[in-house]
Amino acid sequence: MGTISIQDIRPLNIADSPIIIAGPCSAETEQQTLDAAKALSAGGVKLFRTGIWKPRTMPGSFDGVGDPGLEWLKRVKRETGMFTATEVATVDHVNAALAAGIDIMWVGARTTANPFAMQDIADALRGHDEVTVLVKNPVNPDLDLWIGAIQRILNAGISRVGAVHRGFSSAGEHLYRNDPQWHIPFDLRRLAPGMTILCDPSHIGGKRELVHPLSQQALDMGFDGLMIEVHCDPDHAMSDSTQQITPDELKTILDRLVIRSGVPVEDELALLRQQIDDCDHELLAVLARRMSVSREIGEFKKANNLRVMQPQRYQNVLKNRLAEGERLSLDSDFVRRIMQAIHEESVRQQLD
Ligand code: PEP
Ligand code: MN
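Residues numbered from 1 in each chain as written. Chains lettered and ligands numbered in written order. Predicted model: local features only at pLDDT ≥ 70, side-chain atom pairs only at ≥ 80, totals over all residues. Heavy atoms only, no water.

### A short note on the pattern of salt bridges
Then, number 1: Applying the stated rule across the entire model yields 15 salt bridges.
Then, number 2: In this structure, Asp187 engages Arg190 in a salt bridge whose closest nitrogen and oxygen atoms are separated by 3.0 Å. Placement of both Asp187 and Arg190 in helix H7 (residues 183-191) is noted, with a separation of 3 residues, approximately one turn of the helix.
Then, number 3: The partly exposed category is assigned to Asp187, whose relative accessible area is 27%.
Then, number 4: Here Arg190 falls in the partly exposed class, since its relative accessible area comes to 42%.
Then, number 5: Of the charged contacts, one joins Asp255 and Lys251 as a salt bridge, the two residues approaching to 3.3 Å between their closest N and O atoms. (Salt bridge = Lys/Arg side-chain N within 4 Å of Asp/Glu carboxyl O. Helix = DSSP H or I, 4+ residues; strand = E, 2+ residues; numbered from the N terminus. Buried < 20%, exposed > 50% of the residue type's maximum accessible area, 1.4 Å probe, protein only.)

The following block contains the structure:
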């Protein structure tokens, strides 16, 4: 049997447009899982997600209910007729999910980043072309790592493969929990034009209020659907509580989403503007951090009876920044004006 390569992947055979996969970050109890599924199903959602094995950043965090959760998913399927989706990260997970008849298995960002784990998962899936596999982007913004993970699944003879964009980890305070870096899924789209690519606004935004704007943005940019975390009592969710929304909130968002036809899949201008927006968010976050350090320095100077203005220090800073700007091909007048404006504001803050 010939192996499909990513440029030949076909769209998933899911009739909805956009495709909506929704459900709790984690299955916590049988009741919580069933309640969410029934509310979503009543609202017209046909694909149910929930995590049973949760790869958590910190040991000691709730890491999922494990195998018993599969029985709850079987009940969801039986009682609502929804298709079920869960995350797999090991061979044992794949085997247990296969035995439970899970329809869609997704590979999480931490696993996609690990080629050995991906190969093990692919080998465990071999011969099970009935399963749909969604590969989330790796935690780091590395398109090749994402493509490699997808290709390993294809090489195992699985043909129903899609991708989920959930943003990338980055250090520091940002508007988004995971930086979207939209150009990366767009590059994936260019290389795999037929592949179903979903967006996960819950993990990108990390906050409830960002789910709606990010969902609209994703559809405007040509994503084929959304994976959204939904919980009947988000404030008490055992994982990702700040980003989960209620089934009613999801319904409101879905009703409000504007499906624009004729928007080119690769709207270059929208993509470029998005990159500018991302840069501006970062610039402002960095400026806020700089001002806060500057105020701390101001306190230190006051406590130690030092003058706010230290001309020698300022001259050194300016000289270094100009040299750095030159290395980055930035106009030196421009760098000087920015540094002067920043310095003036720092002094003003320290004199406050
Ligand atoms: C999840 O979908 O709950 C999850 C853990 O996602 P990610 O791999 O994107 O962090
Ligand atoms: Mn989650």
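Continuing now.
### What to know about the coordination of the manganese ion (ligand 2)
Where a metal carries four tetrahedral donors, each ideal angle is 109.5 degrees; where it carries six octahedral donors, the ideal angles are 90 or 180 degrees.
Then, number 1: Summarising the metal site, the manganese ion (ligand 2) is bound by the protein donors Cys25 (SG), His203 (NE2), Glu229 (OE) and Asp240 (OD), whose distances to it range over 2.1 to 2.5 Å.
Then, number 2: Read from N- to C-terminus, the donor residues coordinating the manganese ion (ligand 2) fall into the pattern C-x177-H-x25-E-x10-D. Separated by 215 residues along the polypeptide, Cys25 in the loop between strand E1 (19-23) and helix H1 (30-42) and Asp240 in the loop between strand E8 (225-229) and helix H10 (247-256) bring together distant segments of the chain. Comparing Cys25 with Asp240, the two get one shared label, buried. (Donors = N, O, S within 2.8 Å, 3.2 Å for Na, K, Ca; no water.)

### Section: the site of ligand 1
Then, number 1: In the vicinity of ligand 1, the contacting residues are Cys25, Arg49, Lys54, Glu87, Trp106, Gly108, Ala109, Arg110, Lys136, Arg166, His203 and Glu229.
Then, number 2: For ligand 1, an oxygen atom lies 2.7 Å from a polar atom in the side chain of Arg49.
Then, number 3: In this structure, Glu229 approaches ligand 1 through a side-chain N or O atom, which is 3.1 Å from an oxygen atom.
Then, number 4: Bound to the protein, ligand 1 loses 97% of the 300 Å² it would expose on its own.
Then, number 5: Considering only residue class, the shell around ligand 1 consists of 3 nonpolar, 2 polar and 7 charged. (Near = heavy atom within 4 Å. Polar contact = N/O pair within 3.5 Å; in protein donor to acceptor, adjacent residues only side chain to side chain. Areas by Shrake-Rupley, 256 points an atom, 1.4 Å probe, with all protein chains shown as cover. Nonpolar A, V, L, I, M, F, W, Y, C, P; charged D, E, K, R; others polar.)

### As for the domain arrangement of the protein
Then, number 1: Structurally, the protein comprises domain 1 (6-256) and domain 2 (268-351).
Then, number 2: Distance between the C-alpha centres of domain 1 and domain 2: 39 Å.
Then, number 3: Listed per partner, the contact involves 13 residues of domain 1 and 9 residues of domain 2.
Then, number 4: When the two sides are added together, the surface that domain 1 and domain 2 hide from each other amounts to roughly 810 Å², 57% of it contributed by carbon and sulfur.
Then, number 5: Counting across the interface, domain 1 meets domain 2 through 0 salt bridges.
Then, number 6: Our count for the contact surface shared by domain 1 and domain 2 stands at 1 residue pair in polar contact (both at pLDDT 80 or more).
Then, number 7: Here the side of domain 1 that touches domain 2 takes 3 residues from H7, the largest share from any one element.
Then, number 8: Taken together, the residues of the side of domain 1 that touches domain 2 break down into 6 nonpolar, 4 polar and 3 charged. (Domains from an automatic or database assignment. Contact = heavy atoms within 4.5 Å. Buried area = accessible area lost by both parts, 1.4 Å probe.)

### Overview of the packing of aromatic side chains
Then, number 1: Applying the stated criterion to the full structure yields 1 aromatic pair.
Then, number 2: Ring geometry for Trp182 versus Phe223: centroids 5.8 Å apart, planes at 65°, classification edge-to-face. Here Phe223 lies in the loop between helix H9 (211-220) and E8 and Trp182 lies in the loop between strand E6 (161-165) and H7, a separation of 41 residues in the sequence.
Then, number 3: Of the residues examined, Trp182 reaches a relative accessible area of 0% and is grouped as buried. (Phe/Tyr/Trp six-rings, centres within 6.5 Å; stacked < 30°, edge-to-face > 60°.)

### Brief notes about the sheet that holds E6
Then, number 1: The strand order around the closed barrel formed by 8 strands is E1-E2-E3-E4-E5-E6-E7-E8, and the pairing between neighbours is parallel. Taking the axes of each pair of neighbouring strands and ignoring which way they run, one obtains an average angle of 25° across the sheet.
Then, number 2: Of the pairings in the sheet, the one linking E1 to strand E2 (residues 47-49) comprises 2 bridges and is parallel in character. Bridge pairing links Ala22 to Phe48 in E2.
Then, number 3: Set on the sheet, H1 makes contact with E1 and E2; between it and E2 the angle comes to about 150°.
Then, number 4: Against the sheet, helix H2 (residues 68-80) engages E2 and strand E3 (83-87), with an angle of about 160° to E3. (Pairing = 2+ DSSP bridges. Axes fitted to C-alpha atoms, helices over the stretch in contact; angles between N-to-C directions.)

### Notes on the nonpolar core
A general feature of soluble globular proteins is that nonpolar side chains tend to end up buried together.
Then, number 1: With 72 residues, the main nonpolar core has Met105, Leu125, Ile150, Ile153, Trp182 and Leu188 as its most contacted residues.
Then, number 2: Per element, the largest residue contribution to this core is 7 residues, and it comes from helix H6 (residues 143-155).
Then, number 3: With residues near it in sequence (within four places) discarded, Leu188 still touches Ile6, Leu143, Trp146, Ile147, Ile150, Ala163, Met195 and Ile197.
Then, number 4: Counting 11 residues, the second largest nonpolar core, distinct from the first, contains Leu47, Ile104, Trp106 and Val164. (Core = buried A, V, L, I, M, F, W, Y, C linked by side-chain atoms within 4.5 Å.)

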